[in-house]
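In case you want the letters, here they are:
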Number of protein chains: 2
Amino acid sequence: MGTNRNSLSVYALGGLNEIGKNMYAIEYGNDIVLIDCGNKFPDETLLGIDLIIPDMSYIIENQSRVRALILTHGHEDHIGGVPFFLKTINVPVYATRFTLGLVEIKLKEHRLLRESELIEIHSDSEVQIGDMEISFFKVNHSIPDCLGIVFNMPEGTIVHTGDFKFDLTPANNERPDIHKMANIGNKGVLLLLSESTNAERPGYTPSEQMVGKNLEQIFTQAKRKVIVSTFASNISRIQQVVDAAEKTNRKLALLGRSMMNVVKVAMDRGYLVIPKWMLIEARDIDELPPERVTILCTGSQGEALAALSRLSTGNFRDVEILPEDTVILAAGPIPGNEKNVTSIVDNLYKLGAHVIYGSGSSSGMHVSGHGYQEDLRLMLTLMKPKYFIPIHGEHRMLHHHRMLAESVGIEKGNTFILKNGDVVDIEHSIARSTRNIPSGDTYVDGVDVGDMEFVLRDRKQISEEGMLMAIIPINKHDKKLLSDPEFISRGFVDQNFTELRKGMNRITKETINELRDTDRGSWNLIKKRVKRSLAKYVKQHTKKEPMIVPILMDI
Amino acid sequence: MGTNRNSLSVYALGGLNEIGKNMYAIEYGNDIVLIDCGNKFPDETLLGIDLIIPDMSYIIENQSRVRALILTHGHEDHIGGVPFFLKTINVPVYATRFTLGLVEIKLKEHRLLRESELIEIHSDSEVQIGDMEISFFKVNHSIPDCLGIVFNMPEGTIVHTGDFKFDLTPANNERPDIHKMANIGNKGVLLLLSESTNAERPGYTPSEQMVGKNLEQIFTQAKRKVIVSTFASNISRIQQVVDAAEKTNRKLALLGRSMMNVVKVAMDRGYLVIPKWMLIEARDIDELPPERVTILCTGSQGEALAALSRLSTGNFRDVEILPEDTVILAAGPIPGNEKNVTSIVDNLYKLGAHVIYGSGSSSGMHVSGHGYQEDLRLMLTLMKPKYFIPIHGEHRMLHHHRMLAESVGIEKGNTFILKNGDVVDIEHSIARSTRNIPSGDTYVDGVDVGDMEFVLRDRKQISEEGMLMAIIPINKHDKKLLSDPEFISRGFVDQNFTELRKGMNRITKETINELRDTDRGSWNLIKKRVKRSLAKYVKQHTKKEPMIVPILMDI
């Protein structure tokens, strides 16, 4: 390491004042290293858009200096943007074994796997990029194989925690690297970036082990089938479900494509151990007595397309929830999803099931993967940084995190509460935030289960170059079309619009009637299917790809 | 009381499988007595509708038999439908003094006060209707002057709890009538209808007194202004704010029309005591040193139109939130409102305020007005009914309430989990549910702050007779119109539609620009204002009242 002092800058392109779409960057001299590339979902006012990723204009402008993308772990808000990023700018991607497994699933779907350079790292890896010596440390989270990142430079050391909690009795023995963290802190940390998701919650995050005990109890008491819904990526929770099933001599079926995909990756790479006799197919369920059946499924957030929602309305092929079955929602509803979840709970009760659910840890079947206040204080204490940037949170969470930092001795004024695009420049160990770079949202349109074609759009482009609204008056309860759909196009012209309109009318009706007949039509599902059918039809007949905006009106 | 045994039936027209729009009925012989008449708000898929009240077709058909409407208390989901009900069928309304005060505000706005027959009752009142001897008992809730109702008939006794909790240290000394309840139970209760809102929550509901202690502490520590937002109807909480202000020698300004109205009613009728020196106007706030100021305002649910939201975006005339001010959200967010509330909290932090907020009782500034499981068990134990109908809840809450009933000895099979319209008939002390009557939703359109004209609609009518959609592409952040609005009419015809369209175009732009200039444009506010302006314009120029549906598209 030379004595050359380069310019050092830190900023976020996503993840500040929001949960989702994380993307952070360290610039040292002529090198840019990116940390994470996630996505987030639009709120209800952004009609017609499927996904949001960070605006990467600055990165694209400076692509000759971008050396690497390091992924802290495999959650969607950290890796969901990777395929779109790599299509734009292809740099090596560093990630742990499990994270790479999830990334590879995505890249395969986007047909990018072959051109991508994926480099496996683990907590003892060391990577040199320019004058940056990069090392790692293990943290606990609600997914296996998570790392924090240490950037050592002549200017000083910067630490990025990734997402974390401190779980001293983790279900899979992945203990956090506390000694290593203390060591890093002792050597001197100039700047810490630490995640703020649970900065509002007092106390310590409960341990994953609590869930295992409760699961076992419920499995033992359950007289008939046990259905557990959880995040496919929460492998330690799935391991505890497997353990409870084993103890109660139950076989296990997996429902939901992402559940099957991720469990496979986890088993193949040694993160999940399922006894050979245990796994069965969905269609085999009926051949077993119910007290010998466990089902693990997706849909704990009330998602329309996922297994749990379909089970709750009796619309999952081969599988029925019957009276006295036990359904466990082993995942707290993420803020915003509560109504979707309680709606499903109501349906499950109507089917006669016993339902175990609740927000936070109140059901005993879920603990958060993000540190509460004492976890965050512990990280700040171990790292004892000079400067602090709270990340991964909405404004009030960043603010609470700053108060925590001050409570453990970080000097007042040394915490930066930033927006995406704000830059912190560090020179001679002094940090300042005086400038910003372009940042914002890029809209991804056309991404759906099974759809690997997509279009990246921005606001200006949509309003000028092509949008097609489909106004569909439909009764929410019986999904009956109340009258013909109406189509309004904006910036999208086609000489055969009259013919096109007739075709779109027909396609829309067919799509809706199809869903009606199978009684599978949740509002979101109808929107997605109509959007997909119309986009396909319009592309076929006009070669153009206007953004399709279905507006369902219940009257 | 004769030995004549009449037919006895009980049903709900609203309040089952939902929270809101409560309306229950007891039919005995030739007499129908209604209990409560509330409203609820539509979800996002029901575009263009302002309010939902119970479908009253059955009541209208049988109006010659309807003798009275009894109101248990003054919350919107129990009295919000009263003006629309009375316009349809005018019967005497029985309610307590405070409840009548709130009802009178509504009836004045609808110009109905003169024709209405309002009869004041209290916990010792006795009312005879046909062969029904009706009496009452005090219950605690998050509003003053709440009663449960007892219907004594030769056939047996039916009890309706109203909304309740058991608060043995209530802030205003309104202790629940436990001895009277025990007495009622001892004499024998054939059927109990008890509210289920918090049937999912274990334990006892915390006492209101806890909030008072916490308020006092915060008021003492606060260096500058203290702003408290809470429900205007929560008079005991407001009393505790007044008490804390008195102890810390602060004056008090009220912001928000409903806050001022309801506080006035409470003071006039003796439910709230505010020292003469304390009340000031909003415009006087700046003349006082900040540590001598308290502000009580509406908007604890994040409502766009209410004071707190406007304060958080710096848009309330005469009043600014400044750094180091303390803002207390003394009301938990009702499920569904969480994002609106956290959005405001984020803004308040950006203004530099200290913010005290949280869901449930986590902030220490709010306790629920609805009984948790042990409160509900206590009511069931006191009343020890033969039959039980859990009311006022979504399906899973009714289900949990049934489990509570069984846990305290109500016979399995004697609890009815009903839908709106299901009827329970009782004969010779045996209850059965074998039939139902028409029930559903009536849509109220055109109701807004200050709008006292309204239209009642039903689904068929809307789709056939008149709807006008205004598609408005608008940037969510700067509220800039991205292009001309588009108007689609359905079932609404006017010979001068081209001219009308031009006018509507102009009106819409004016309305939005007006809101932009004052930077007051929250999404909901824009929708409401556009709707109101267009409805007025269309009615002026066509004499017709199609339903206006503004669709704001953020692209």
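Position labels on residues start from 1 in each chain and follow its written sequence. Each chain gets a letter, beginning with A, and each ligand a number, beginning with 1, in the order they are written. Owing to the predicted nature of the model, reporting of local features is limited to residues with pLDDT of at least 70; listing and counting of side-chain atom pairs is limited to 80 or more, with chain, interface and lining totals taken over all residues. To obtain the side-chain values, all non-hydrogen atoms of the structure were used and water was disregarded.

Description of the interface of chain A and chain B
Next, step 1: Contacts are residue-level and defined by heavy atoms, with any inter-residue pair within 4.5 Å sufficient. In this complex, chain A contributes 46 residues to the contact, which on the side of chain B involves 46 residues.
Next, step 2: Each partner contributes to the roughly 3,900 Å² buried at the junction of chain A and chain B, and carbon and sulfur atoms together form 60% of this total.
Next, step 3: Counted as salt bridges are all cases of a side-chain nitrogen of Lys or Arg within 4 Å of a carboxyl oxygen of Asp or Glu. Linking chain A with chain B are 4 salt bridges.
Next, step 4: Between A:D346 and B:R396 there is a salt bridge, and its shortest N-O distance comes to 3.1 Å.
Next, step 5: Under the rule applied, a polar contact is a pair of N or O atoms within 3.5 Å (in protein, one hydrogen donor and one hydrogen acceptor; residues adjacent in sequence only if both atoms are side-chain atoms). Taken together, the connections running from chain A to chain B amount to 14 residue pairs in polar contact (both at pLDDT 80 or more).
Next, step 6: Only DSSP runs of H or I covering at least 4 residues are called helices, and only runs of E covering at least 2 are called strands; the numbering of each starts at the N terminus. Of all the secondary structure elements, the ones that give two or more residues to the side of chain A that touches chain B are helix 10 (338–350), helix 12 (395–407), helix 13 (459–465), strand 24 (467–473), strand 25 (486–490) and strand 26 (547–553) of chain A.
Next, step 7: The leading source of residues in the side of chain A that touches chain B is helix 10 of chain A, at 7 residues. Summed over both partners, the accessible surface that disappears when two parts come together, traced with a 1.4 Å probe, is what is meant by buried area.

Section: the sheet that holds strand 13 (residues 226–229) of chain B
Residue and element names in this part refer to chain B.
Next, step 1: Two strands qualify as a pair provided DSSP detects at least 2 bridges between them. One open sheet accounts for 6 strands, arranged 15-14-16-13-17-18; its pairing is parallel. If you trace the sheet from one side to the other, it starts and ends with strand 15 (279–280) and strand 18 (354–356), each paired once.
Next, step 2: By the bridge criterion, 5 bridges tie strand 14 (residues 251–255) to strand 16 (residues 293–297) in an arrangement that is parallel. Bridging from a neighbouring strand, L254 pairs with L296 of strand 16.
Next, step 3: Only C-alpha atoms enter the line fits that serve as axes; for helices the fit covers just the stretch in contact. Angles between N-to-C directions range over 0 to 180 degrees. Here helix 7 (residues 235–247) sits on the sheet and contacts strand 13, strand 14 and strand 16; the angle it forms with strand 16, its principal contact strand, is near 170 degrees.
Next, step 4: Taken strand by strand, helix 8 (residues 257–268) contacts strand 14, strand 15 and strand 16, and its axis lies near 125 degrees from that of strand 14.

Brief notes about the domain arrangement of chain A
Next, step 1: What marks off one domain from the next here is an automatic or database domain assignment. One can read the domain layout of chain A as domain 1 (8–203 + 368–449), domain 2 (209–362) and domain 3 (466–554).
Next, step 2: Spacing between the C-alpha centres of domain 2 of chain A and domain 3 of chain A amounts to 34 Å.

A closer look at the relation of the copies chain A and chain B
Next, step 1: Mapping chain A onto chain B is achieved by rotating through 180 degrees and translating by 0.0 Å along the same axis, at an RMSD of 0.1 Å. With respect to symmetry, the two chain copies, as superposed, fit the operation of a two-fold axis. No C-alpha of chain A approaches the rotation axis more nearly than that of A:G336, which lies at 3.8 Å.
Next, step 2: With an isologous cut-off of 70% or more, the 100% of interface residues of chain A that recur at the interface of chain B puts this contact in the isologous class. When the copies are overlaid, the least-squares fit takes in C-alpha atoms only where the residue has pLDDT of at least 70 in both copies.

Some thoughts on the UniProt feature "domain: Metallo-beta-lactamase" (unreviewed entry) in chain A
Next, step 1: UniProt positions are given in the numbering used here, feature names are shortened, and annotations may be inferred rather than shown by experiment. Those residues carrying the UniProt feature "domain: Metallo-beta-lactamase" (unreviewed entry) are residues 20–215 of chain A in this numbering.
Next, step 2: The straight-line gap between the two end C-alpha atoms of residues 20–215 of chain A is 30 Å; of that span, 23% is helix and 29% is strand.

A look at the packing of aromatic side chains
Residues and elements named next belong to chain B.
Next, step 1: For Phe, Tyr and Trp, where Trp contributes only its six-membered ring, two rings pair if their centres lie within 6.5 Å, and the inter-plane angle classes them as stacked under 30 degrees, edge-to-face over 60, or tilted in between. Scanning the entire structure with this criterion turns up 14 aromatic pairs over all chains.
Next, step 2: Taking the centre distance of 6.0 Å and the plane angle of 45 degrees together, the rings of Y387 and F416 count as tilted. Of this pair, Y387 sits in strand 19 (residues 387–391) while F416 is found in the loop between helix 12 (395–407) and strand 20 (422–427), placing the two residues 29 residues apart along the sequence.
Next, step 3: Classification of F416 by relative accessible area gives buried; the value is 11%.
Next, step 4: Centre to centre, the rings of F492 and F497 are 6.4 Å apart; their planes meet at 70 degrees, and the pair counts as edge-to-face. Both residues of the pair, F492 and F497, count as buried. The buried label applies to any residue whose accessible area, calculated with a 1.4 Å probe on protein chains only, is under 20% of its type's maximum; exposed applies above 50%, and partly exposed to all values in between.

Examining the environment of B:R67
Residue and element names in this part refer to chain B.
Next, step 1: Here R67 shows up in strand 5 (residues 66–70).
Next, step 2: Within the local environment of R67, its side chain forms a polar contact with the backbone oxygen of N30, the two atoms lying 3.1 Å apart.
Next, step 3: A distance of 2.5 Å separates polar atoms of two side chains, one belonging to R67 and the other to D31.

Some points on the side chain of A:H73
All names here are of chain A.
Next, step 1: When you line up the elements, H73 lands in the loop between strand 5 (66–70) and helix 2 (76–79).
Next, step 2: With a relative accessible area of 0%, H73 lands in the buried category.
Next, step 3: A distance of 3.4 Å separates the side chain of H73 from the side chain of H75, its partner in a polar contact.

Remarks on the UniProt feature "binding site: substrate" (unreviewed entry) in chain A
Residues and elements named next belong to chain A.
Next, step 1: Feature annotation in UniProt places "binding site: substrate" (unreviewed entry) on H366, V367, S368, G369 and H370, given in this structure's numbering.
Next, step 2: Mapping G369 onto the fold places it in the loop between strand 18 (354–356) and helix 11 (373–383).
Next, step 3: In this structure, G369 is in contact with N140, H141, S142, F164 and K165, ignoring residues within four places of it in sequence.
Next, step 4: Locating H370 in the fold gives a position in the loop between strand 18 and helix 11.
Next, step 5: Overall, the relative accessible area of 15% leaves H370 in the buried class.
Next, step 6: Ignoring sequence-local partners within four residues, the contact set of H370 consists of H141, D163, F164, K165, E195, T197, N198, T205 and H392.
Next, step 7: Separated by 3.2 Å, the side chains of H370 and T197 make a polar contact.

Looking at the nonpolar core
Next, step 1: With 87 residues, the main nonpolar core has B:I59, B:F85 and B:I328 as its most contacted residues.
Next, step 2: Sorting elements by how many residues they give to this core places helix 7 of chain B first, with 6 residues.
Next, step 3: In this description, a nonpolar core means a group of buried Ala, Val, Leu, Ile, Met, Phe, Trp, Tyr and Cys residues linked to one another through side-chain atoms lying within 4.5 Å. Core analysis: the next-biggest nonpolar cluster, separate from the first, contains 86 residues, A:I184, A:L252, A:L296 and A:L382 among them.

A short note on unusual backbone geometry
Next, step 1: Look at A:H392: it is not a glycine, yet its phi comes out positive at around 55 degrees.
Next, step 2: For A:H392, the location among the structural elements is in the loop between strand 19 (387–391) and helix 12.

Describing the pairing of strand 10 (residues 146–153) of chain A
All names here are of chain A.
Next, step 1: Across the 8 residues that make up strand 10, a large majority, 7, are buried.
Next, step 2: Examined bridge by bridge, strand 9 (residues 132–139) and strand 10 share 7 bridges and lie antiparallel to one another. Counted as the bridge partner of S135 is V150 from strand 10.
Next, step 3: Counted between consecutive antiparallel strands, the loop separating strand 9 from strand 10 contains 6 residues, among which D145 sits at a positive phi close to 65 degrees.
Next, step 4: Pairing of strand 10 with strand 11 (residues 156–160), which is carried by 5 bridges, proceeds in the antiparallel orientation. Among the inter-strand pairings, V150 is bridged to a residue of strand 11, identified as V159.
Next, step 5: Where strand 10 folds back onto strand 11 in an antiparallel hairpin, the turn is made up of 2 residues.

A word on the state of the cysteines
Next, step 1: Pairs of cysteine sulfur atoms within 2.5 Å are identified as disulfides in what follows. Tallying each qualifying case throughout the model produces 0 disulfides over all chains.
Next, step 2: B:C37 takes part in no disulfide bond, and the closest cysteine sulfur to it belongs to B:C146, at a distance of 17 Å.

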